[in-house]
Amino acid sequence: MTYTGEVEVGGPADVQEAGDLQITKVAVGGMSNNAYLLKCNLTGEQALIDAADEADTLLALAGDGGLARVITTHQHFDHWQALEAVINATGAETVAGEEDADALPVTVDVRVQTGARVRVGSCELEVIGIVGHTPGSIALAYDDPDGIVHLFTGDSLFPGGVGNTFGDAEAFVSLINDVESKLFDRFPDDTHFYPGHGNDSTLGVERPHLAEWRERGW
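Computed from a prediction, not measured in an experiment: that's the story for all the values here.

K.L.:
Would you mind showing me how to read unusual backbone geometry here?
P.N.:
For residues other than glycine, phi is negative in most cases, and the peptide bonds are mostly trans. Even without glycine at this site, serine 32 takes up a positive phi of about 50°. A positive phi angle, near 55°, is found at phenylalanine 166, a position not held by glycine. Within the element layout of this structure, phenylalanine 166 appears in the loop between β13 (161-162) and α3 (169-184).

K.L.:
Just to check I follow, could you spell out the pattern of salt bridges for this structure?
P.N.:
Two side chains carrying opposite charge are able to pair once their charged atoms lie near each other. Per the counting criterion, the structure on display carries 12 salt bridges. A salt bridge links glutamate 98 to arginine 111, with the shortest nitrogen-to-oxygen separation between them at 3.6 Å. A residue pair is termed long-range when its members are at least 10 positions apart, and glutamate 98 in the loop between β6 (93-97) and β7 (110-112) and arginine 111 in strand β7 qualify at 13 residues. By relative accessible area, which is 30% here, glutamate 98 ends up partly exposed. A relative accessible area of 37% means that arginine 111 is categorised as partly exposed. Aspartate 102 is the salt-bridge partner of arginine 111, the closest N and O atoms lying 2.5 Å from each other. Here aspartate 102 falls in the exposed class, since its relative accessible area comes to 64%. Three or more residues joined by partner-sharing salt bridges are found here, namely Glu45, Arg69 and Glu93.

K.L.:
How do you make sense of the side chain of glutamate 206 when you look at a structure like this?
P.N.:
Among the structural elements, glutamate 206 can be located in helix α4 (residues 203-206). No salt bridge is formed by the buried glutamate 206, whose closest oppositely charged neighbour, arginine 216, lies at an N-O distance of 7.9 Å. Polar contacts involving the side chain of glutamate 206 include one to the side chain of serine 201, which spans 2.6 Å. Look past the residues within four positions of glutamate 206 in its chain and what remains in contact with it is Phe158, Pro159, Gly160, Phe184, Phe193, Ser201 and Trp213.

K.L.:
Mind showing me how you'd approach the side chain of aspartate 78 here?
P.N.:
By the secondary structure assignment, aspartate 78 is in the loop between β5 (69-72) and α2 (83-90). Look at aspartate 78: it is buried, it has no salt bridge, and the nearest opposite charge is lysine 25 at 14 Å. A polar side-chain atom of aspartate 78 sits 3.0 Å from a polar atom in the side chain of asparagine 33. A polar contact is formed between the side chain of aspartate 78 and the side chain of histidine 197, at a distance of 3.3 Å. Every residue in contact with aspartate 78, bar those within four places of it in the chain, is listed here: Met31, Asn33, Ala52 and His197.

K.L.:
Is there a simple way to explain the pairing of strand β14 (residues 192-195) in this structure?
P.N.:
The side chains of a regular strand alternate between both faces of the sheet. The alternating pattern of β14 places His192 and Tyr194 and Phe193 and Pro195 on opposite faces, both of which are buried. As paired elements, β14 and strand β15 (residues 201-202) share 2 bridges and run antiparallel to each other. Pairing of histidine 192 across the sheet is with threonine 202, part of β15. Between β14 and β15, which pair antiparallel and follow one another directly, the connecting turn spans 5 residues, one of which, glycine 198, has a positive phi of 80°.

K.L.:
So what exactly am I meant to see when it comes to the packing of helix α1 (residues 55-62) against α2 here?
P.N.:
The angle between the axes and the distance between the axes are what describe a pair of packed helices. Interhelical geometry of α1 versus α2 gives an angle of 40° and a closest axis separation of 9 Å. On the basis of the axis angle, α1 is oblique to α2. Judged by the twist between their axes, the crossing of α1 over α2 is right-handed. Seen from α1, the contacting residues are Ala55, Leu58 and Leu59; seen from α2, they are Ala85, Val86, Ala89 and Thr90.

K.L.:
Quick question: what am I supposed to make of the sheet that holds strand β10 (residues 138-143) here?
P.N.:
What holds strands together in a sheet is hydrogen bonding between their backbones, with the strands either parallel or antiparallel. Pairing within the open sheet is mixed, and its 6 strands lie in the order β8-β9-β10-β11-β14-β15. The sheet is open, and its two edges are formed by β8 (117-120) and β15, each paired on a single side. Across 4 bridges, the pairing between strand β9 (residues 123-129) and β10 is antiparallel. Residue pairing in the sheet places glycine 129 in a bridge with isoleucine 138 of β10.

K.L.:
Any chance you could explain the packing of aromatic side chains here in plain terms?
P.N.:
Both the distance between ring centres and the angle between the ring planes are used here to describe each pair of aromatic rings. This structure, assessed with the given rule, holds 5 aromatic pairs. Pairing phenylalanine 152 with tyrosine 194 gives two aromatic rings, centres 4.8 Å apart and planes at 15°, and the pair type is stacked. Here tyrosine 194 lies in strand β14 and phenylalanine 152 lies in strand β11 (residues 149-154), a separation of 42 residues in the sequence. Since its relative accessible area comes to 1%, phenylalanine 152 is described here as buried. On the basis of relative accessibility, which here comes to 0%, the residue tyrosine 194 falls in the buried class.

Scoring rules and cut-offs
Residues numbered from 1 in each chain as written. Predicted model: local features only at pLDDT ≥ 70, side-chain atom pairs only at ≥ 80, totals over all residues. Heavy atoms only, no water. Helix = DSSP H or I, 4+ residues; strand = E, 2+ residues; numbered from the N terminus. Salt bridge = Lys/Arg side-chain N within 4 Å of Asp/Glu carboxyl O. Buried < 20%, exposed > 50% of the residue type's maximum accessible area, 1.4 Å probe, protein only. Lys, Arg positive; Asp, Glu negative; His and termini not counted. Polar contact = N/O pair within 3.5 Å; in protein donor to acceptor, adjacent residues only side chain to side chain. Contact = heavy atoms within 4.5 Å. Pairing = 2+ DSSP bridges. Axes fitted to C-alpha atoms, helices over the stretch in contact; angles between N-to-C directions. Parallel < 35°, antiparallel > 145°, perpendicular 65-115°, else oblique. Left-handed = near helix turned anticlockwise from the far one by under 90°. Phe/Tyr/Trp six-rings, centres within 6.5 Å; stacked < 30°, edge-to-face > 60°.

The values are spatial; any link to function lies outside them.
Put into structure tokens, the structure is as follows:
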């Protein structure tokens with residue numbers, strides 16, 4: 001079946017093939033968080049982005065392949081409610097942004113900043129720090145050598161706008177500036193992005209609205 005990226009809590013996962021990387025998207029928990037299981041098709045190694053909730057669901061998704069690491073996009077509780085249980089069950093390495101790591105309920109093994117690389121078997125994710133939604137939010141970019149760029153944006157970028165900055169004007173300016181300069185100014189229109197909640201989109205679909213987002217202030 002064709003990947004749509006449209007998932008709902010209690011429903012099936014959706015699978016996207018991105019060259020050597022397989023991306024499985026599932027929605028979990030009371031806030032309908034997205035979690036992403038990444039699998040290297042060459043080595044079988046797996047990583048999870050955001051152990052948000054429903055540890056049993058996430059562990060079943062990983063299956064016998066286990067998890068090499070769990071990457072947390074940012075410190076907000078709805079993105080790590082299953083983290084401790086998943087780590088205890090798998091022994092996976094934990095990865096998070098430097099400025100958010102201390103807020104997580106587990107010891108973070110690898111604290112990352114912009115420019116760091118996170119491996120998933122033979123595949124590589126580039127860490128991009130996006131400051132505003134939280135101080136240590138990160139996005140992760142996988143540049144498929146034979147295809148497009150895939151971005152995992154946490155709660156920093158959604159279809160229709162950037163993440164919530166809770167009325168903090170300075171945080172909003174930081175967030176919109178980082179999203180524009182580090183994502184839209186760098187990556188092409190066919191770049192597919194996967195947010196922390198809801199449906200996916202592409203940078204090309206969202207690009208015409210950047211000025212509108214900046215003007216409205218959220």
